[in-house]
Structure formats: C-alpha cells, structure tokens
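So the chains spell out like this:
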Amino acid sequence: MPVEAATALSGKDLVGIAPLTPGEIQLILDTAEELLEIARRPIKKVPTLRGRTVVNLFMEPSTRTRFSFEVAEKRLSADTLNFSASGTSVSKGETLVDTARNLMAMAPDFIVMRHPNSGAPHRLAKMVSASIINAGDGINEHPTQALLDAFTMRRHRGRLEGLTVVIAGDIRHSRVARSNAFLLNKMGASVRFAAPASLMPVRAEELGVEVHHRLEPALEGADVVMMLRIQRERQGNKNFPSLREYFDFFGLTPGRLDLASPDALVMHPGPMNRGVEIDSAVADGPRSVILDQVTNGVAIRMAILYLLSGGEREPSAAS
Ligand code: CP
C-alpha cells in the first residue's frame with residue numbers, strides 16, 4: 001500500500017491518531033529515526049527549540065510519558081514548566097478553562113497535556129494559540145504512545161504493513177489500545193484484540209480489529225504481542241473474579257508466547273503488573289522490547305515537538 005508522503009504536519013496540535021494521515025504518521029516515524037542519533041552523542045542537545053516554552057500539564061500520574069517529554073524538550077533546548085494537579089490551583093477547584101487562560105498569559109508555545117477526561121485536549125486546542133500535545137485523555141487516545149509503539153515495531157521488523165499485532169488485556173479502559181488500533185489500521189497492519197467480555201469495548205469490531213475472548217487463538221502466528229494492565233483506577237466494579245484467575249486465563253506466560261511467531265516482539269506500554277497480565281520470564285525475556293519502547297519514546301516526542309514547531313523534512317525514499 002503506497003503511502004502519500006507528507007513533509008510537514010498539517011495542524012497546530014497533536015490531539016490524536018484519528019486525525020493524522022498515513023503520510024503524517026510516516027513523517028513522524030522517519031523524523032524520529034533521524035533524531036534517535038542525538039541520544040548517542042556525548043552532548044545530547046541541539047538548539048532547535050531554543051527560546052520556545054513548553055508547559056507539561058499532567059492531571060493524572062505518569063512516569064514514562066512525563067519524563068520522556070521532559071527529556072525530549074531538554075534535548076531540543078526548550079524551556080520547560082511542569083504543572084500537576086496536586087501542586088497547583090486545580091486542587092483548589094480551578095477549572096481547566098481558567099487554568100489554560102492563566103497558562104496562556106505566560107505565552108507558552110506548547111502545552112503537553114494528560115487529563116482524566118476524554119476530549120479535554122481537543123477542547124483546549126480550540127481555545128488557545130499554543131500547540132496542544134495529547135499525553136493521554138481519559139479512555140480516548142494516547143497518540144504519542146501509539147507512535148512510539150509503531151516506531152519500535154518498525155525498527156525491529158522493518159515495516160508495519162502486513163504485521164499481525166495482538167493487543168491483550170483491559171482494552172475497554174485503554175486509550176493505548178484505541179490509538180494503536182487507529183494507527184496500525186492506517187498503516188496496513190492487522191490488529192487482534194483479546195480480552196474477557198467484561199474488559200472488551202462495546203462494538204470493538206467497529207475499530208477495524210478482530211475480536212477474541214480467549215488469548216490463545218489470538219496469539220496464533222502473531223508478529224507482535226502487546227499486553228495491557230488492568231486499569232483498576234477506571235473501574236467502579238470488579239470485571240473479573242480475581243487477579244490470580246485473570247493471570248490463569250489471560251496472563252502472557254512463556255508457554256502461551258510459544259503460540260506466536262518464533263520471533264514475535266513482546267511489548268507493554270507500562271506500568272506493568274507482573275504476575276497479573278505478564279509473567280516476569282516474558283517481560284524480561286529475549287523477545288521483550290519493553291525498554292526499547294521507552295528509549296524510542298524520547299525520539300518520537302522530539303520529532304513531534306520539532307514538526308509542530310514548523311520543522312519540515314524531505315519526503316522519505318520509502319514513500
Ligand atoms: N505508557 C504510559 O503512558 O506510561 P505512564 O503512565 O507512566 O506515562
């Protein structure tokens with residue numbers, strides 16, 4: 001499937017994978033490929049965003065995404081401001097709109113935003129002139145995670161088109177699963193969702209995926225196996241009898257991984273719950289690329305900041 005090349009991103013924001021064209025996705029991946037080299041230099045810094053200000057507005061906990069953005073911003077020489085719900089006036093009842101207006105009075109160029117409400121970055125993007133980058137909104141999208149996941153698959157397999165990717169676990173509450181389904185479909189990969197019925201979104205098939213309620217058939221011949229944690233913070237009631245029973249039926253063990261392709265990649269966006277969705281022997285095993293995902297996340301976030309700042313790139317030879 002030939003991808004129509006893009007040399008720049010068309011919008012001022014990155015609020016989701018859904019609005020991106022395959023050409024824009026390829027552009028971000030190709031730009032990240034070039035920027036990855038900066039991490040290997042003795043001095044890991046370039047002046048690209050000197051004089052630009054980035055606000056990191058995290059209204060939910062984060063380890064990987066938050067630090068990854070901060071590293072990316074510093075490597076591009078941006079000035080960074082870090083806001084979290086607990087340390088700011090949000091904890092005193094200030095609304096998102098008022099917080100945004102006050103932040104804009106400080107003239108930031110970018111706002112990187114994680115928020116518990118689906119659609120919050122989209123609303124903010126319409127209100128402010130700064131570029132909004134969605135770092136995860138409710139159960140809607142986590143676009144930079146899907147991009148770093150695709151980047152990791154492409155670096156290990158050389159392509160996305162034609163890959164069979166299993167996404168297994170708590171898909172119903174997962175913004176990572178939705179963004180990955182959008183991206184992988186656009187880039188010609190096949191996606192299989194595997195989860196108990198209580199953890200599968202309603203009408204999951206409408207996302208263009210194959211739906212499985214048992215892990216074993218989903219794993220047959222897969223090129224990539226992406227495990228997701230149970231998002232207990234987004235569930236009022238228990239959706240399965242016990243964590244032990246969940247592991248017995250849906251945990252990725254070495255025996256179950258043998259059903260996948262012999263060189264299948266094992267991925268996880270983190271945080272992992274060892275012994276719940278994944279066995280430590282698999283998480284730390286030879287097919288795991290979980291820490292590569294973290295390394296690659298910095299290059300992807302650098303690429304997004306660079307491209308949204310107006311950066312361009314020559315069309316790739318592969319286009
Ligand atoms: N993958 C991911 O979003 O991890 P964090 O919640 O630690 O940012």
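Here, the structure is the one placed above.
Cut-offs applied
Residues numbered from 1 in each chain as written. Predicted model: local features only at pLDDT ≥ 70, side-chain atom pairs only at ≥ 80, totals over all residues. Heavy atoms only, no water. Helix = DSSP H or I, 4+ residues; strand = E, 2+ residues; numbered from the N terminus. Rg over C-alpha atoms; globule rule 2.2 N^0.38 Å. Buried < 20%, exposed > 50% of the residue type's maximum accessible area, 1.4 Å probe, protein only. Pairing = 2+ DSSP bridges. Axes fitted to C-alpha atoms, helices over the stretch in contact; angles between N-to-C directions. Parallel < 35°, antiparallel > 145°, perpendicular 65-115°, else oblique. Left-handed = near helix turned anticlockwise from the far one by under 90°. Contact = heavy atoms within 4.5 Å. Nonpolar A, V, L, I, M, F, W, Y, C, P; charged D, E, K, R; others polar. Core = buried A, V, L, I, M, F, W, Y, C linked by side-chain atoms within 4.5 Å. Near = heavy atom within 4 Å. Polar contact = N/O pair within 3.5 Å; in protein donor to acceptor, adjacent residues only side chain to side chain. Areas by Shrake-Rupley, 256 points an atom, 1.4 Å probe, with all protein chains shown as cover.

Draft legend 1. Structural context of the overall build of the chain. Of regular secondary structure, the chain possesses eleven helices and nine strands. For the chain, whose C-alpha radius of gyration is 19 Å, the value lies close to the compact-globule estimate of 20 Å for 319 residues. Reported as C-alpha extents along the three principal axes, the dimensions of the chain are approximately 55 × 50 × 40 Å. For the chain, with 319 residues in total, the buried portion stands at 56%.

Draft legend 2. Looking closely at the sheet that holds strand S6 (residues 190-194). Strand order in the open sheet made by the five strands is S7-S6-S5-S8-S9, with parallel pairing throughout. Edge positions in the open sheet fall to strand S7 (210-212) and strand S9 (265-267), since each of these has one partner strand only. Neighbour-to-neighbour, the strand axes of this sheet turn through a mean angle of 20 degrees, independent of strand direction. Bridge analysis of S6 against S7 gives three bridges, and the strand direction is parallel. Across the sheet, Arg192 pairs through a bridge with Glu210, a residue of S7.

Draft legend 3. Up close: the packing of helix H2 (residues 64-75) against helix H11 (residues 290-308). Viewed as axis vectors pointing N to C, H2 and H11 meet at an angle of 55 degrees, and their least axial separation amounts to 8 Å. By the criterion of interaxial angle, the relationship of H2 to H11 is oblique. Viewed along their axes, H2 and H11 form a crossing whose handedness is right-handed. Contacts between H2 and H11 involve Arg64, Thr65, Ser68, Phe69, Val71, Ala72, Glu73 and Arg75 on the former and, on the latter, Val294, Gly297, Val298, Arg301, Met302 and Leu305. Within the contact of H2 with H11, the residues separate by chemical class into seven nonpolar, three polar and four charged.

Draft legend 4. Examining the nonpolar core more closely. If you look at the biggest cluster of nonpolar residues, it comprises 91 residues, and the most contacted ones within it are Leu147, Leu183 and Phe193. The element that contributes the greatest number of residues to this core is H11, accounting for ten residues.

Draft legend 5. Structural detail: unusual backbone geometry. The omega torsion of the bond from Gly270 to Pro271 falls at -10 degrees, within 30 degrees of zero and hence cis. With respect to the helices and strands, Pro271 occurs in the loop between S9 and helix H10 (280-283). A positive phi angle is found at Ser77, which is not glycine, with a value near 70 degrees. Mapping Ser77 onto the fold places it in the loop between H2 and strand S2 (79-84). In this structure Ser77 comes out as buried when scored by relative accessible area, which is 15%. Positive phi, close to 55 degrees, is recorded for Arg203, a residue that is not glycine. You can see Arg203 is positioned in the loop between S6 and S7.

Draft legend 6. Fine view of the site of the ligand. Near the ligand the following residues occur: Ser62, Thr63, Arg64, Thr65, Arg114, His142, Gln145, Pro269 and Gly270. Here an oxygen atom of the ligand sits 2.6 Å away from a polar atom, N or O, in the side chain of Ser62. A distance of 2.7 Å separates an oxygen atom of the ligand from a polar atom in the side chain of Thr65. For the ligand, the accessible surface in isolation is 250 Å², of which the surrounding protein chains cover 91%. When grouped by side-chain class, the residues that make up the shell around the ligand number one nonpolar, six polar and two charged.

Limitation: the analysis is restricted to geometry and does not speak to function.
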